Every structure is written in C-alpha cells, then in structure tokens.
Amino acid sequence: SCYSWHTVWNKLYSRQLIERCYDVFDRIQEHIIMTEDICFSSVFFYEADRVSRITEEAYFYCANETASTSTSRITMKKFLKNITDMTVVFNAVDRFLAGRGASEKLRGHFSNARCHYVRMWQNLLDTTFEGETHTEGQQALDSFGTVPSMDHVRDDFFFETIRTPWNGALEYFKERIATG
C-alpha cells in the first residue's frame, strides 16, 4: 500500500532488468493509463537481483490537474476507464505472481493492495457521483474487487495528504559536481 513503492518515476532501472521482464508486459494488450506503475514496479521488484535506495530529496513531483490520472474533475467515462485499467493491471500481476510461484504471504500483500485501491476509489465514487451514475460506477468497482470492511486506514490517501519538506541538500551537491 506504499505509494512510493508503486511509482516508476522515482526509480532507476537497469536495462537488463527491463529486458528480463519485457515478456510479462508484452502480454498486456490493452492501452493502460491508470495504475500501469503498479504492474511495472511489482514485476521489477519481484525480478530484481538487488535494490538500493537513497534518502535524499532528488525529485520534484508536480501535480497536474489536467493529467489523465487526475481525479479532481472526473467524469463517469474516465472513472470506468480507470477501473478497467486497474482490473487489467491487478489481474496481470496476480497471474505473474502465481506463475512465478510467489508465496501466499506475498500474494496476500498484493491482495491487500487491491483492497486499498477499492477503498480509495469507493471514496471517490461516493463523494463525486449519485443516482444512476453512482450505481454504474459501483457495479464497475464491485467487479474490480471488494473489501470486508470499508473503514479507511491512515494510508488510503497518502499521496494527496502527505508532503515532504525540501531542504535542497542534494541539489547543492549536484550543482557542485556539475560545476567542478
């Protein structure tokens, strides 16, 4: 359920890893806009020989209200496309993990991630749509997945609610290296 785990823009990947995983991605024939990061990251982390991390600020993420993934002015058509994309992605990763013989514990964690997305999108559905439109969205969301309890947890809206202060230390060092 950690947002930063499933984004591709905050990581560097080796070409060998990408090439080793290409066959998994090649099986997806649909044009995916929403949650494609989950597919890439889940497969890459599972197949990676090693992972390293830095704790310095190194990337500015700029929220774009007109981006295809923005939900601030979502229409039912876009909502349904997003749910369809999420279904394709989560099913593809489920098949990948099963095919690789991943442990039940790991597959359970991934199932919990699906529940996390159901809770987030249920909240969006309930606060944005009503009447027949809500019913249409609910049917689509129910086909993606359900959760035993709809109680929200602290991390459900992580990306929209947590901000990290910027101190610029890494930028200072990059500038010093670049200017010699």
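Remember, it's a predicted structure, so these values are computed and weren't measured experimentally.

Draft legend 1. How the structure looks around the overall build of the protein. Counting its secondary structure elements, the protein contains 7 helices and 0 strands. Reading the protein from its N terminus to its C terminus gives the helix and strand order α-α-α-α-α-α-α. Taken over 180 residues, the protein has a buried fraction of 34%. Look at the contacts in the protein between residues 6 or more apart in sequence, and 75% of them connect residues 24 or more apart. If you sum the accessible surface of the protein, you get close to 12000 Å²; carbon and sulfur atoms cover 53% of it.

Draft legend 2. The arrangement of the pattern of salt bridges in detail. For the structure on display, the rule yields 7 salt bridges. Two residues, Asp23 and Arg27, come together in a salt bridge whose shortest N-O distance is 3.0 Å. Residue class for Asp23 comes out partly exposed when judged on its relative accessible area of 36%. Between Asp85 and Lys81 there is a salt bridge, with the nearest N and O atoms lying 2.6 Å from each other. Taken as a pair, Asp85 and Lys81 lie in helix H3 (residues 76-99) at a separation of 4 residues, close to a single helical turn.

Draft legend 3. Molecular detail of the nonpolar core. Membership of the largest hydrophobic core comes to 38 residues, with the highest contact counts inside it found for Phe79, Ile83, Tyr117, Trp121 and Phe144. Elements with a minimum of two residues in this core: helix H1 (15-26), helix H2 (36-47), H3, helix H4 (104-128) and helix H5 (131-144). Looking at which element gives the most residues to this core, the answer is H3, with 11 residues.

Draft legend 4. Representation of the environment of Asp37 in the model. Relative to the assigned elements, Asp37 resides in helix H2. Through-space distance from the C-alpha of Asp37 to that of Thr7 is 5.2 Å; in sequence the pair is 30 residues apart. Those residues in contact with Asp37, other than ones at most four positions away along the chain, are His6, Thr7, Val8 and Trp9. Of note is the side chain of Asp37, whose polar atom sits 3.3 Å from the backbone nitrogen of Val8.

How each quantity is defined
Residues numbered from 1 in each chain as written. Predicted model: local features only at pLDDT ≥ 70, side-chain atom pairs only at ≥ 80, totals over all residues. Heavy atoms only, no water. Helix = DSSP H or I, 4+ residues; strand = E, 2+ residues; numbered from the N terminus. Buried < 20%, exposed > 50% of the residue type's maximum accessible area, 1.4 Å probe, protein only. Contact = heavy atoms within 4.5 Å. Areas by Shrake-Rupley, 256 points an atom, 1.4 Å probe, with all protein chains shown as cover. Salt bridge = Lys/Arg side-chain N within 4 Å of Asp/Glu carboxyl O. Core = buried A, V, L, I, M, F, W, Y, C linked by side-chain atoms within 4.5 Å. Polar contact = N/O pair within 3.5 Å; in protein donor to acceptor, adjacent residues only side chain to side chain.

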